[in-house]
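# Report on the structure
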Amino acid sequence: MEATTITISIELSKLLKSSLTSKQLETLATKHKVYINTIRRIRDRKTKKPNKEILIDLLKMSIKTHKKQITANKTALSMLQQELKKISPK
């Protein structure tokens, strides 16, 4: 059976870079028993054949981070809209 090559797009790499902190990368490195630079190389597209499990964990962690940001932004937006309604003339 032939191994599937997994590639990361430039856009995905940018999203991973912007959403994951050094602490999160360290956590992944510890979990997979690799150096943090290995995680960074996968994230930055410098590894031609990245470890699929590490890549999956990177994506899951990034998704979780983005969901938290979206939730926080929705809350802030709702609060701003409520304040606008309070002070707007009717």
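Look up: the structure comes first, before these words.
Before going into details, it helps to say that this report is about the structure given with it.

## Examining unusual backbone geometry
Phi at Lys 33 is positive, roughly 55°, even though this residue is not glycine. As for its placement among the helices and strands, Lys 33 is situated in the loop between helix 2 (22-32) and helix 3 (36-43). Located in the positive-phi region is Arg 45, a residue other than glycine, with phi close to 65°. On the secondary structure map, Arg 45 appears in the loop between helix 3 and helix 4 (52-87).

## Concerning the pattern of salt bridges
Tallying each qualifying case throughout the model produces four salt bridges. The closest approach of N and O atoms between Asp 44 and Lys 17, which form a salt bridge, is 3.8 Å. Of this pair, Asp 44 sits in the loop between helix 3 and helix 4 while Lys 17 sits in helix 1 (residues 10-19), placing them 27 residues apart in sequence. Close ionic contact of Glu 83 with Lys 86 constitutes a salt bridge, the shortest N to O distance being 3.3 Å. Here Glu 83 pairs with Lys 86, and both are found in helix 4, just three residues apart, close to one helical turn. Because the salt bridges share partners, they merge into one network encompassing Lys 17, Arg 43 and Asp 44.

## Structural notes on the side chain of Ser 19
Within the secondary structure, Ser 19 is located in helix 1. Reaching out from Ser 19, the side chain makes a polar contact with the backbone oxygen of Leu 15 at a distance of 2.9 Å. With residues up to four places along the chain from it excluded, the contact list for Ser 19 reads Gln 24, Ser 62, Thr 65 and His 66.

Quick notes on the rules
Residues numbered from 1 in each chain as written. Predicted model: local features only at pLDDT ≥ 70, side-chain atom pairs only at ≥ 80, totals over all residues. Heavy atoms only, no water. Helix = DSSP H or I, 4+ residues; strand = E, 2+ residues; numbered from the N terminus. Salt bridge = Lys/Arg side-chain N within 4 Å of Asp/Glu carboxyl O. Polar contact = N/O pair within 3.5 Å; in protein donor to acceptor, adjacent residues only side chain to side chain. Contact = heavy atoms within 4.5 Å.

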